[in-house]
There are 2 protein chains.
Amino acid sequence: MIMPTSINVALDAMGGDHAPGEIVKGAILAMNQNENIKICLAGDKGLIEKELSGQPYDKTRLEIIHATEVIETAEPPVMAIRTKKNSSIVLGLGLIKEGKCDGFISAGSTGAVLVGGQVLVGRIKGIKRPPLAPLIPTEAGASLLIDCGANVDARPEHLVQFAQIGSIYMENVVGIKNPKVGIVNNGAEEEKGNALVKETFPLLKSCPGINFIGSIEAREIPQGKADVIVCEAFVGNVILKLYEGTGATLLKMIKKGMMSTTMAKIGALLVKPGLKKTLKAFDTKEYGGAPLLGLNGLVVKTHGNAKATEIKNAIFQCVQFKEQEINEKIKAKLLKG
Amino acid sequence: MIMPTSINVALDAMGGDHAPGEIVKGAILAMNQNENIKICLAGDKGLIEKELSGQPYDKTRLEIIHATEVIETAEPPVMAIRTKKNSSIVLGLGLIKEGKCDGFISAGSTGAVLVGGQVLVGRIKGIKRPPLAPLIPTEAGASLLIDCGANVDARPEHLVQFAQIGSIYMENVVGIKNPKVGIVNNGAEEEKGNALVKETFPLLKSCPGINFIGSIEAREIPQGKADVIVCEAFVGNVILKLYEGTGATLLKMIKKGMMSTTMAKIGALLVKPGLKKTLKAFDTKEYGGAPLLGLNGLVVKTHGNAKATEIKNAIFQCVQFKEQEINEKIKAKLLKG
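Numbers given to residues run from 1 along each chain, matching the order in which its sequence is written. Following the order in which they are written, the chains are lettered starting with A and the ligands numbered starting with 1. Local features in a predicted model are, by the rule used here, given only for residues with pLDDT of at least 70; side-chain atom pairs are given and counted only at 80 or more, and totals for whole chains, interfaces and linings are based on all residues. The basis for every side-chain value is the complete set of non-hydrogen atoms in the structure, without hydrogens or water.

Concerning the pairing of strand E11 (residues 298–301) of chain A
Residue and element names in this part refer to chain A.
Phase 1 of the analysis: Accessible area is worked out with a 1.4 Å probe on protein chains only. A residue is then buried under 20% of its type maximum, exposed over 50%, and partly exposed in between. Numbering of helices and strands runs from the N terminus, with a helix taken as a DSSP run of H or I at least four residues long and a strand as a DSSP run of E at least two residues long. Side chains Leu-298 and Val-300 project from E11 onto one buried face, and the interleaved Val-299 and Lys-301 project onto a second face that is buried too.
Phase 2 of the analysis: Examined bridge by bridge, strand E4 (residues 103–106) and E11 share 4 bridges and lie parallel to one another. Note on E11: the bridge partner recorded for Gly-103 is Leu-298.
Phase 3 of the analysis: Note on pairing: two strands pair once DSSP finds at least 2 bridges between them. Connecting strand E10 (residues 290–292) to the antiparallel partner E11 that follows it, the hairpin turn spans 5 residues, and Gly-294 within it adopts a positive phi of roughly 90 degrees.

Here it is as structure tokens:
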């Protein structure tokens, strides 16, 4: 009889707006849904135990790693990683480094997670720059936006690796066969682009093993024209934040419009259930967190305001990542060139 | 008695999805609302006369410049401007060059309008790169997104000029006193940014005569945090198109949600009037077109699907530009350094 492998996930119990309560809740939700999951909670032992008390879960599969420090979101990341050795992020990442955990999830400081991931966990040999690659919702489902990380001004060879790694992730974690890869550009024609895109375009065109469909204009992103959206991190950051910001502002204005008259208020009540269902498909929280890819283990950054469901989804993301042997597939791809 | 100066606006009667019908209608709307406006319609004389026949307007203030050619949106712009000397765009831009018209408006090929504007009309002395600067709707009103043009990979000194020109435009055409200038960045902290932003930031900080508020993250754009949003054209293009694309997709999904059940359909009818009013504020068409600034005259690019109201608003934009002596103010600013 083959024993199912257990999957060990470390959580930053202290990161995000709703820590440690929602982080602990998310961990229990995931454990109770899948008995192969083991959890390490890094954070203040007393606070975590308080959240755990009275909750139904398998104690043999949960461990607390006591952390005396917390890295705040406003702290300069490099300095924080260097000096706060007993923080939940540094200790949590250490668990991957030691091989004790397969993945680490944090809703805390993005900068510290990105820096810590690279410095403490380390890159897969051959990976030039580990990209942060969130899934963004589209009309057609979801697309991987790669890269939204902290290292800007990428070179063409970085973008080519993003296309390769992103394709492996979308095919095996999200389950999109032969995912379409597009490069963000300021027009559809091949002669369009800034210096970086113009240099990268022919490299992607001749790159084996990816399904390159050419340029994608920003207006086509919400339509889901490409499954893997390749871009430099500065542009990726603008896309991600504008996407979230425009959605939030529009929904706010729609709510305001629906409350503007008594008649509209009545209508809003009738419209609500159908609308909620449709808009749920456009909620980034459904997709867990943003993976930092190309490291010796999986590091996932969830939203700062993540609640239990998002944490649970991020844990399942780690499970899928391990079960589908994503890193082994990335290594094989790099060996082939 | 001081005679009011007449303002002469040239229109590309052949450009856009609804030409020449809606272009001609827009011209008549504007003329009938302001008797100082004179219009030159560049395009096929026969087609234009057909649209004009039976419409009420002052014939002494309208002239047709017969154009035998049309530049299609798919044509390579440089070649089109060079070879199609009798096109509505080339003839229309020629009217500014000759000093016969103050502004030119086209709903046709963006590329041809941008190239033609620079090549045929010419830059104000001292302008390094003429930016395309559309107004985008926000929660707070509207912001000027400068630059969204065709020339990418700008240098820091270009961005500083964008900030100066954009401030003059927002103050005098849109009427925002001491407009707030922000530079698009991937974080709020001063050490954030790509090479271009890092080099530009101190230059903006020490630039006299602008109200620089520092970095603006993409999620703050829809909130209207800055009145003048400075960025390089590739990034500007991504912002503009993603803004329009996300809005369109979200509204489509909301409509779908409102039609998903009978109850929702009834609700939708009640919600509609209030919602329509709120969302009108978020409609780019209310703001006329995108001006190409820094030229010896005003060139305005409207949406390809512009209808009469948008054309009329673009004509009023030219009136405001002339009356507020924007180019004289830009020249004065450049002289001061």
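Overview of the relation of the copies chain A and chain B
Phase 1 of the analysis: Overlaid copies result from least-squares superposition on C-alpha atoms, with residues included only where pLDDT is at least 70 in both. Overlaying chain A on chain B yields an RMSD of 0.0 Å, the required transformation being a rotation through 180 degrees with an accompanying axial translation of 0.0 Å. Considering both components of the superposition, the chain copies are consistent with a two-fold axis. Residue Gly-267 of chain A of chain A places its C-alpha closer to the rotation axis than any other residue of that unit, at 1.8 Å.
Phase 2 of the analysis: Here, residues are in contact when the closest pair of their heavy atoms is within 4.5 Å. Mapped onto chain B, 100% of the interface residues of chain A again fall at the interface, so both copies present the same surface.

Quick look at the sheet that holds E4 of chain A
Residue and element names in this part refer to chain A.
Phase 1 of the analysis: Taken in spatial order, the 6 strands line up as E3-E2-E1-E4-E11-E10 in an open sheet, and their pairing is mixed. Across the chains shown, the open sheet's two edge strands, defined by having one partner strand only, are strand E3 (62–66) and E10. For this sheet, the mean angle separating the axes of adjacent strands, direction not counted, is 25 degrees.
Phase 2 of the analysis: As a rule, the C-alpha atoms of each element are fitted with a line to give its axis, helices using only the stretch in contact, and angles between N-to-C directions run from 0 to 180 degrees. Each of strand E2 (37–43) and E3 touches helix H2 (residues 45–52); the most contacted strand, E3, lies at about 155 degrees to it.

Examining the interface of chain A and chain B
Interface size, as often reported, equals the accessible area lost upon joining of the parts.
Phase 1 of the analysis: Facing the 50 residues of chain A at the interface are 50 residues of chain B.
Phase 2 of the analysis: Accessible surface is computed with a 1.4 Å probe, and the buried area is the amount of it that two parts give up when combined, taken over both parts together. The contact between chain A and chain B buries some 4,800 Å² in all, and 74% of this surface belongs to carbon and sulfur atoms.
Phase 3 of the analysis: Take a side-chain nitrogen of Lys or Arg and a carboxyl oxygen of Asp or Glu: if they are within 4 Å of each other, that pair is a salt bridge. Connecting chain A to chain B are 4 salt bridges.
Phase 4 of the analysis: Close ionic contact of Glu-217 of chain A with Lys-241 of chain B constitutes a salt bridge, the shortest N to O distance being 2.3 Å.
Phase 5 of the analysis: Polar contacts, as counted here, are pairs of nitrogen or oxygen atoms within 3.5 Å of one another; within protein the pair requires one atom able to donate a hydrogen and one able to accept it, and residues that are adjacent in sequence qualify only if both atoms are side-chain atoms. On the surface where chain A and chain B come into contact, there are 6 residue pairs in polar contact (both at pLDDT 80 or more).
Phase 6 of the analysis: For the side of chain A that touches chain B, the leading source of residues is helix H8 (residues 233–258) of chain A, giving 20 residues.
Phase 7 of the analysis: Residues are grouped as follows: Ala, Val, Leu, Ile, Met, Phe, Trp, Tyr, Cys and Pro are nonpolar; Asp, Glu, Lys and Arg are charged; every other residue, Gly included, is polar. Broken down by class, the residue content of the side of chain A that touches chain B amounts to 28 nonpolar, 15 polar and 7 charged.

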